[in-house]
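Residue-level structure breakdown
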Amino acid sequence: MTTPDRPSPPPPSRIFPRVLAFVLIWQTLQFAGGLLSFISLWPVAKAGFDGMASPAIRADIIRGHASVFFLAHLPAGVLLAILLHPLVSIWSAPRPSTWSLAWRTFLLCSLTALIASASMVQFKPWLMQGMDANHWYFSLQQLAPDWLRNRTLPFLLRALPITAAAFSASWYLVRALRRIRPAWSDGTNAATASAVVAASFGALQLASSPLPDDSPTPAPSPSRPNVLVIASDSLRADFTGPDSTDPLAPTLRHLADKGVSFRQCFAPINGSIPGMASLLTGQYPHTHGLRHDFPSPADLSPTSPSLALTLRSHGYETAVLGDAGAGMFDSLPLGFDSIETADGGCARAVLSESLCAAHPILPLWLLSPLGRSLLPALARSAPLVSPESITDRVVQRLDSRPADAPPFFWTVYYSCTRLPFTNSPRQLRRNGLNHQLGTLGFNPDTWIQNLAANPNASPLSPRDKEFVRALYAGGINRLDDCVTRVIAKLRDSGAWDHTIVLVTGDHGVELLENLRSLGSGASCTGEESLHVPAILHLPGTTTPAAIPHLVRTIDFAPTLLDLCGLPSSPSMEGVSLKPYVSGTPSLGLAAFSESAQLFPTRSIPGESPLASPPAELPVTATPSPDGRFALKPQFSAPALQHKERTLRTEHWKLVFTPGQRFDIVRLYDLRNDPGCTTNVAPLYPEIFSSMKDKLWSWMRDHHDSRIPEIFPSGEPTPKPARPS
């Protein structure tokens with residue numbers, strides 16, 4: 001009896017078209033689901049920002065979804081089909097039917113999506129829109145032992161895609177070799193496949209390992225020093241530098257200990273856009289015209305001097321790089337040659353973020369060089385531009401600078417410490433949270449929304465407040481990691497010894513201290529939303545200095561110009577702090593500041609502050625090409641009327657709050673009451689009167705007084721606090 005020949009498997013040319021068709025069907029279904037998700041959210045967006053319904057924005061929506069389908073879903077489908085074809089072919093042998101190919105392809109596509117989602121949560125958690133610790137992946141992790149969660153699982157998530165790619169590559173190679181040598185046996189094929197897989201792993205290991213680094217040739221010292229400003233949104237001084245109580249930021253602490261640290265530095269406003277404008281122009285908000293985070297196009301006229309413009313006119317290369325909060329630099333006329341930031345503050349940014357949230361394939365695709373080149377507009381979506389990716393770009397810029405390059409002035413803006421304090425799993429573990437977000441029943445975004453709508457919202461428990469501080473501490477850790485990498489690259493490239501580095505914040509943030517709010521911009525009463533770190537590394541300076549005197553962020557621009565040997569513009573209102581480096585006792589500076597939030601609801605016991613939020617949303621998307629958000633003209637004057645103003649000296653702080661019937665003016669003794677909880681105006685009437693006159697002069701005439709003008713006989717020292 002003769003044994004029938006084994007049926008030979010069908011050639012791959014017959015299987016691949018069907019696998020490709022099923023993968024594209026899968027991708028189309030994914031796209032359709034994302035489109036339905038986006039459509040369900042559109043009425044909410046349209047109701048919130050009426051300008052987003054303009055024809056230009058609607059056209060952008062259509063183009064955006066079409067681009068996502070043709071430039072992301074379809075190309076990714078082709079690549080996925082090429083990857084899965086060998087697996088489906090082997091799994092379906094010897095006689096694959098259409099049904100068996102279909103369900104195997106769909107199952108492998110589902111597993112691929114599962115691994116991709118788990119990898120994003122593990123390695124790039126900022127890509128997961130709306131992720132919290134209730135995410136299934138975090139819940140599943142808690143069931144696993146530590147050895148699996150901390151070591152094995154991350155290894156598997158990296159190894160599985162590499163293994164699949166190596167296996168597919170070897171399968172295609174063996175198929176090609178069999179065309180050349182048809183007589184090869186199955187054993188030879190298996191040996192060849194194993195060799196190819198081993199070679200693939202070796203090549204991957206070699207490619208991922210750094211080459212031996214000979215001693216780098218130091219970069220030639222430019223005629224003037226480089227200038228690097230590293231700023232973080234909502235960065236508090238008491239969490240960084242020498243005043244910090246926990247080792248949250250070892251690199252920043254080391255910088256402060258070895259460089260020049262200004263212990264009492266204050267922002268002139270607690271909003272990001274006006275705060276950064278003041279930092280980079282040396283002007284108060286009432287001078288450069290940006291008074292809140294929603295300026296109109298008329299407010300953005302390039303009438304102010306800027307640090308970037310001045311340095312560029314003297315041959316500097318200027319650039320700003322930033323993540324989620326740095327979209328403001330697109331509209332700020334500050335004179336940078338290059339702007340590499342995430343989109344923000346405009347309808348286009350909302351659309352791009354919504355597109356990324358609706359289509360799960362986009363984040364992985366847009367993180368690749370090919371995806372960024374095909375969809376450059378979407379690649380600037382805030383969820384995709386992380387602090388780590390911005391740090392990568394800074395490092396790449398330093399690596400690629402030619403030896404004869406001109407000096408640079410770069411501003412690097414991070415959002416690590418910005419609400420809602422998105423932490424990576426590593427930062428969470430450092431602060432003892434261990435992914436247990438949400439276990440205390442607290443969600444920052446929801447809480448802020450409820451507080452704005454209901455000023456009588458129930459206060460948080462002490463445990464919840466500690467949880468909020470731990471979240472913020474995770475952001476400090478994340479910022480310190482980024483700064484560590486930048487400084488290490490400056491040292492490796494030889495640029496450290498001729499680069500001035502300033503680390504600071506645009507403003508601070510309140511973390512529910514003394515019954516105040518969470519966030520910044522609503523109040524100037526406490527120190528938390530205005531007090532920022534100011535750490536300066538000066539090349540060639542070996543003696544560290546901790547400056548105890550009061551300084552302002554408007555002093556940074558003239559200071560950096562002075563350190564570069566350049567004069568500052570006469571229209572800059574800040575002063576150079578270089579004399580402090582030389583040991584000058586005191587410049588007698590006082591800090592004038594104002595609040596930035598639109599129509600906040602404030603609570604002052606026994607008083608009646610203004611509390612008249614508009615019936616309609618005061619912000620709209622303008623007809624500009626990107627639909628930038630701006631304050632409606634009818635709300636410009638009321639927004640200024642609702643501002644708190646403050647004057648701070650070395651020992652005293654005066655706070656003005658607009659009232660419904662009368663002005664609310666309070667004096668605080670900072671030595672005995674740093675939390676600003678008790679009004680001592682009745683105890684110190686002369687101090688109260690003198691500071692009130694100077695604050696009124698600043699508000700009315702924009703006259704900036706120094707301490708000798710406020711206290712001609714010298715600043716009085718507060719009386720010691722009475723023992724309780």
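The notes below deal with the structure included here. Just so you know, these numbers come straight off a predicted model, no measurement behind them.

With that settled, consider the sheet that holds strand 15 (residues 645-648). Ordered in space as 12-15-16-17, the four strands form an open sheet in which the pairing is antiparallel. Two strands bound the open sheet, and with one partner strand each, they are strand 12 (591-594) and strand 17 (664-669). Direction aside, neighbouring strands of the sheet carry axes that sit 15 degrees apart on average. Relative to strand 15, strand 12 is paired through four bridges, and the arrangement is antiparallel. Residue Ser593 lies in a different strand from strand 15, and its bridge partner there is Thr646. Of the strands in this sheet, strand 12, strand 15, strand 16 (652-657) and strand 17 touch helix 21 (residues 685-701), which is tilted by about 55 degrees from strand 16.

A full pass over the atoms with the stated rule returns 19 salt bridges. Between Glu388 and Arg478 there is a salt bridge; the shortest N-O distance is 2.9 Å. One end of the pair, Glu388, is in helix 14 (residues 387-400); the other, Arg478, is in helix 17 (residues 462-493), with 90 residues separating them in the sequence. Looking at Glu388, the relative accessible area reads 22%, which means it is partly exposed. The exposure class of Arg478 is buried, given its relative accessible area of 4%. Between Asp392 and Arg485 there is a salt bridge, with its nearest N and O atoms 2.7 Å apart. Placement of Asp392 in helix 14 and of Arg485 in helix 17 is noted, with a sequence separation of 93 residues between them. Accessibility expressed as a relative area gives 31% for Asp392, which makes it partly exposed. Residue Arg485 is classed as partly exposed on the basis of its relative accessible area of 37%. Here the residues in one salt-bridge network are Glu317, Glu340, Arg393, Arg397 and Arg401, joined through shared partners.

Between its first and last C-alpha atoms helix 14 spans 20 Å; for 14 residues at 1.5 Å apiece the expected length is 20 Å, and the two agree. Taken together, the buried positions of helix 14 are occupied by Pro387, Ser389, Ile390, Thr391, Val394, Val395, Arg397 and Leu398.

Our next topic: the nonpolar core. Soluble, globular proteins show a tendency: their nonpolar side chains are buried together. Formed by 51 residues in total, the largest nonpolar core has its most connected members in Phe262, Leu280, Phe329, Phe409, Leu536 and Leu560. Among all residues touching Leu280, those that are not within four sequence positions of it are Pro305, Ser306, Leu307, Phe329, Leu334, Phe336, Phe409, Thr411 and Ala557.

For the rest of this paragraph, the subject is the pairing of strand 16. Regular strands have side chains that alternate between both faces of the sheet. Strand 16 sits mainly inside the fold: six of its six residues count as buried. Alternating residues of strand 16 divide into Trp652, Leu654 and Phe656 and Lys653, Val655 and Thr657, and every residue in both groups is buried. Where strand 15 lies against strand 16, four bridges are found, and the strand directions are antiparallel. Note that in strand 16 the partner of Arg648 across the bridge is Lys653. Between strand 15 and strand 16, which pair antiparallel and follow one another directly, the connecting turn spans three residues. Where strand 16 and strand 17 come together, six bridges link them in antiparallel fashion. Paired with Trp652 across the bridge in strand 17 is Asp669. The antiparallel pairing of strand 16 with strand 17 creates a hairpin that spans six residues between the two strands.

Calculation notes
- Residues numbered from 1 in each chain as written.
- Predicted model: local features only at pLDDT ≥ 70, side-chain atom pairs only at ≥ 80, totals over all residues.
- Heavy atoms only, no water.
- Pairing = 2+ DSSP bridges.
- Helix = DSSP H or I, 4+ residues; strand = E, 2+ residues; numbered from the N terminus.
- Axes fitted to C-alpha atoms, helices over the stretch in contact; angles between N-to-C directions.
- Contact = heavy atoms within 4.5 Å.
- Salt bridge = Lys/Arg side-chain N within 4 Å of Asp/Glu carboxyl O.
- Buried < 20%, exposed > 50% of the residue type's maximum accessible area, 1.4 Å probe, protein only.
- Expected span 1.5 Å × (residues − 1).
- Core = buried A, V, L, I, M, F, W, Y, C linked by side-chain atoms within 4.5 Å.

This is a description of form; function is not addressed.
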